[in-house]
Number of protein chains: 2
Amino acid sequence: MQAASATACAGSAPRGRPREFDPDEALASALRVFWQKGYDGASMAELTEAMGITKPSLYACFGNKEALFRKALDLYERDKLCYVRSALEEPTARLVAERMLNGALATHCGDSDPQGCLGVISTMPCGIEAETIRADVIARRRSSEQAMIARFKQARDEGDLPDHVDPEGLANYLTTVLQGLSVKATSGTDRESLKRIVQTALACWPCA
Amino acid sequence: MQAASATACAGSAPRGRPREFDPDEALASALRVFWQKGYDGASMAELTEAMGITKPSLYACFGNKEALFRKALDLYERDKLCYVRSALEEPTARLVAERMLNGALATHCGDSDPQGCLGVISTMPCGIEAETIRADVIARRRSSEQAMIARFKQARDEGDLPDHVDPEGLANYLTTVLQGLSVKATSGTDRESLKRIVQTALACWPCA
DNA sequence: TACGTTCTGTACTAAGCAGTACATATTTAG
DNA sequence: CTAAATATGTACTGCTTAGTACAGAACGTA
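Residues numbered from 1 in each chain as written. Chains lettered and ligands numbered in written order. Predicted model: local features only at pLDDT ≥ 70, side-chain atom pairs only at ≥ 80, totals over all residues. Heavy atoms only, no water.

1. Observations regarding the overall build of chain A
Applied cut-off: Numbering goes from the N terminus for both helices and strands, where a helix is a DSSP run of H or I of at least four residues and a strand is a run of E of at least two. For the exposure calls, accessible area comes from a 1.4 Å probe over protein chains only, and a residue counts as buried if that area is under 20% of its type's maximum, exposed if over 50%, partly exposed in between. Note on contacts: a residue pair is in contact if any heavy atoms of the two residues lie within 4.5 Å.
Of regular secondary structure, chain A possesses 10 helices and 0 strands. In terms of overall dimensions, chain A has C-alpha extents of about 65 × 40 × 30 Å along its principal axes. Taking all 208 residues of chain A together, 50% fall into the buried category. For chain A, the share of sequence-separated contacts (at least 6 apart) that also reach a separation of at least 24 residues comes to 65%.

2. Notes on the relation of the copies chain B and chain A
Counted only if it meets this: Here the copies are matched by least squares. The fit uses the C-alpha atoms of residues with pLDDT of at least 70 in both.
When chain B is fitted to chain A, the residual RMSD is 0.0 Å, and the transformation amounts to a turn of 180 degrees plus an axial shift of 0.0 Å. With respect to symmetry, the two chain copies, as superposed, fit the operation of a two-fold axis. Residues of chain B ranked by C-alpha distance from the rotation axis are headed by Gly-180 of chain B, positioned 1.9 Å from it. Both copies contact each other with a shared surface, as 100% of the interface residues of chain B are interface residues in chain A too.

3. Considering the interface of chain B and chain A
Quick reminder of the rule: In short, buried area is how much 1.4 Å probe accessible area vanishes from two parts on joining, totalled over both. Every case where a carboxyl oxygen of Asp or Glu lies within 4 Å of a side-chain nitrogen of Lys or Arg is listed as a salt bridge. Whenever a nitrogen or oxygen atom comes within 3.5 Å of another N or O atom, the pair is scored as a polar contact, on the condition that within protein one atom can donate a hydrogen and the other can accept it, and that pairs from neighbouring residues in sequence are kept only if both atoms are in side chains.
On the side of chain A, 39 residues touch chain B, which itself brings 39 residues to the contact. Taken over both partners, the interface formed by chain B and chain A buries close to 3200 Å², and the fraction arising from carbon and sulfur atoms is 61%. Across the contact surface, chain B and chain A share 6 salt bridges. Two residues, Arg-196 of chain A and Asp-166 of chain B, come together in a salt bridge whose shortest N-O distance is 2.7 Å. At the boundary of chain B with chain A, the tally comes to 13 residue pairs in polar contact (both at pLDDT 80 or more). For the side of chain B that touches chain A, the secondary-structure elements that each account for two or more residues are α1 (23–41), α7 (118–122), α8 (131–157), α9 (167–186) and α10 (191–204) of chain B. Ranked by residues supplied to the side of chain B that touches chain A, first place goes to α9 of chain B with 14 residues.

4. Some remarks on the domain arrangement of chain A
Residue and element names in this part refer to chain A. We count it as follows: Annotation comment: domain bounds sourced from an automatic or database domain assignment.
For chain A, the assigned domains are domain 1 (6–77) and domain 2 (80–203). Between the C-alpha centres of domain 1 and domain 2 there is a distance of 28 Å. Taken together, the contacts link 17 residues of domain 1 with 24 residues of domain 2. Between domain 1 and domain 2, roughly 1800 Å² of surface is buried when both sides are summed, and carbon and sulfur atoms account for 60% of that area.

5. Remarks on the packing of helix α4 (residues 65–79) of chain B against α8 of chain B
All names here are of chain B. Stated precisely, the cut-off is as follows: Note on definitions: angles span 0 to 180 degrees between N-to-C directions of axes, and those axes are lines fitted to C-alpha atoms, for helices only across the stretch in contact. Our angle categories are set so that under 35 degrees counts as roughly parallel, over 145 as roughly antiparallel, 65 to 115 as roughly perpendicular, and the remainder as oblique. The sense of a crossing depends on the near helix, which, turned anticlockwise from the far helix by less than a right angle, makes the crossing left-handed and, turned clockwise, makes it right-handed. Residues are grouped as follows: Ala, Val, Leu, Ile, Met, Phe, Trp, Tyr, Cys and Pro are nonpolar; Asp, Glu, Lys and Arg are charged; every other residue, Gly included, is polar.
Where α4 contacts α8, the two axes come as close as 11 Å, and the packing angle between them is 20 degrees. Judged by the angle between their axes, α4 and α8 are roughly parallel. Like other packed secondary-structure pairs, α4 and α8 cross with a definite hand, here right-handed. Residues Glu-66, Phe-69, Arg-70, Leu-73, Asp-74 and Glu-77 of α4 pack against Thr-132, Ile-133, Asp-136, Val-137 and Arg-140 of α8. For the contact of α4 with α8, the class distribution of residues is 4 nonpolar, 1 polar and 6 charged.

6. A short note on the state of the cysteines
Disulfide: a covalent bond connecting the sulfur atoms of a pair of cysteines. Threshold: Criterion for a disulfide: a pair of cysteine sulfur atoms within 2.5 Å.
The tally for this structure, following the rule as stated, stands at 1 disulfide over all chains. Note that Cys-126 of chain A is cross-linked by a disulfide to Cys-126 of chain B, the S-S spacing being 1.2 Å. With the S-S dihedral at roughly -85 degrees, the linkage between Cys-126 of chain A and Cys-126 of chain B falls on the left-handed side. Within this pair, whereas Cys-126 of chain A is found in the loop between α7 (118–122) and α8 (131–157), its partner Cys-126 of chain B is found in the loop between α7 and α8, the two belonging to separate chains. Here Cys-204 of chain A is not cross-linked by a disulfide; its sulfur's nearest cysteine counterpart is in Cys-204 of chain B, at 6.6 Å. Cys-109 of chain B takes part in no disulfide bond, and the closest cysteine sulfur, belonging to Cys-117 of chain B, lies 11 Å away. By relative accessible area, which is 6% here, Cys-109 of chain B ends up buried.

Right, here's the structure in full:
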């Protein structure tokens with residue numbers, strides 16, 4: 001049981017034949033495939049081709065398909081969903097919503113990455129094998145939603161939201177809009193339409 | 001090329017061995033499976049078992065998996081999405097939204113049918129085989145969205161919406177919320193939470 | 001009774017899937 | 001130079017998938 005990280009412990013000299021690919025790059029390529037096709041839709045053949053490695057290399061480095069997906073999901077949350085964290089630090093509830101919606105727009109409707117949200121795609125029923133992953137993604141999302149609820153409760157305590165507004169309802173409503181945007185993005189709706197949807201949603205925001 | 005419908009042309013006497021199952025019932029069972037598992041997630045084995053027939057019977061009666069799905073989708077739109085039509089006939093834009101949201105709640109979060117919207121589930125990427133179906137479902141949805149845009153334009157012309165509101169943006173925003181609700185329902189969010197989301201969305205509706 | 005027609009059930013085909021065995025190549029340690 | 005260790009590529013396993021061939025069963029008609 002050695003704990004040799006991908007980015008090497010400097011001093012440790014690897015003993016055998018050196019790896020001919022960069023695991024981080026390969027994982028990023030895998031992420032793109034999962035993001036585009038979903039867990040079940042991405043075959044090991046497609047994954048290995050996109051990653052530029054063979055199946056035995058993949059299995060030796062990442063375990064199996066499910067483990068690979070989980071690592072890709074970690075990368076996704078760390079690299080692509082970072083706007084969620086910073087959005088929650090905005091000073092007002094409205095700014096939180098604004099930043100969340102625009103962050104989603106940038107991340108899920110850009111032209112350098114696949115359209116839509118990997119999380120939403122992964123919670124849709126598909127194969128049987130994906131069930132454990134579905135449950136995992138749903139759990140991760142739930143914790144993220146709890147954070148938003150807490151943020152909006154704080155906002156109401158700070159007098160930042162009208163008293164008649166239910167913070168939990170508002171938080172869940174906002175994630176609903178975000179998930180709806182993701183569905184539309186995945187379906188190929190163009191970015192201009194999505195921008196107008198975000199504008200409309202913000203125009204409707206309580207206490208604008 | 002005879003056009004013998006499922007519900008028989010009365011006069012025509014069927015010549016061979018009579019069918020031992022009801023195609024309408026079988027189709028309804030198939031719909032439930034597709035609704036629960038998605039197109040790719042539903043295997044022919046699961047379908048035939050739920051429908052109570054064998055594979056040759058299925059292929060003889062419905063063609064193939066894709067044709068079966070399309071017939072199930074027709075049934076779904078006719079039986080389960082009928083609230084969309086009637087919602088558009090409501091006298092005000094707000095009542096349209098109210099009826100759409102409550103209709104979605106009843107249809108996608110009931111306890112007699114699977115959770116979520118078959119249309120949304122079917123537009124998520126999964127297998128390669130589902131691509132043509134995805135495109136088809138997206139096209140169907142687009143025409144439905146056009147109808148709502150037209151309805152909201154009419155509402156603005158009738159002075160039923162504030163002048164500063166963009167009818168197309170509002171229609172697309174509403175479908176976004178509806179699709180988001182479907183994602184949440186599919187993920188197992190309980191109906192009470194969804195009701196509160198609908199309430200929040202309606203509280204935000206322009207010119208309440 | 002015999003025939004044509006249609007449905008049913010068993011048993012199959014071919015393809016795609018995730019995952020792996022094994023021989024070979026490339027490295028460090030001694 | 002040899003041995004241990006790790007990575008690689010080919011070729012495979014076993015399983016599941018959609019779809020079908022074929023024999024037999026049940027009907028109307030003659």
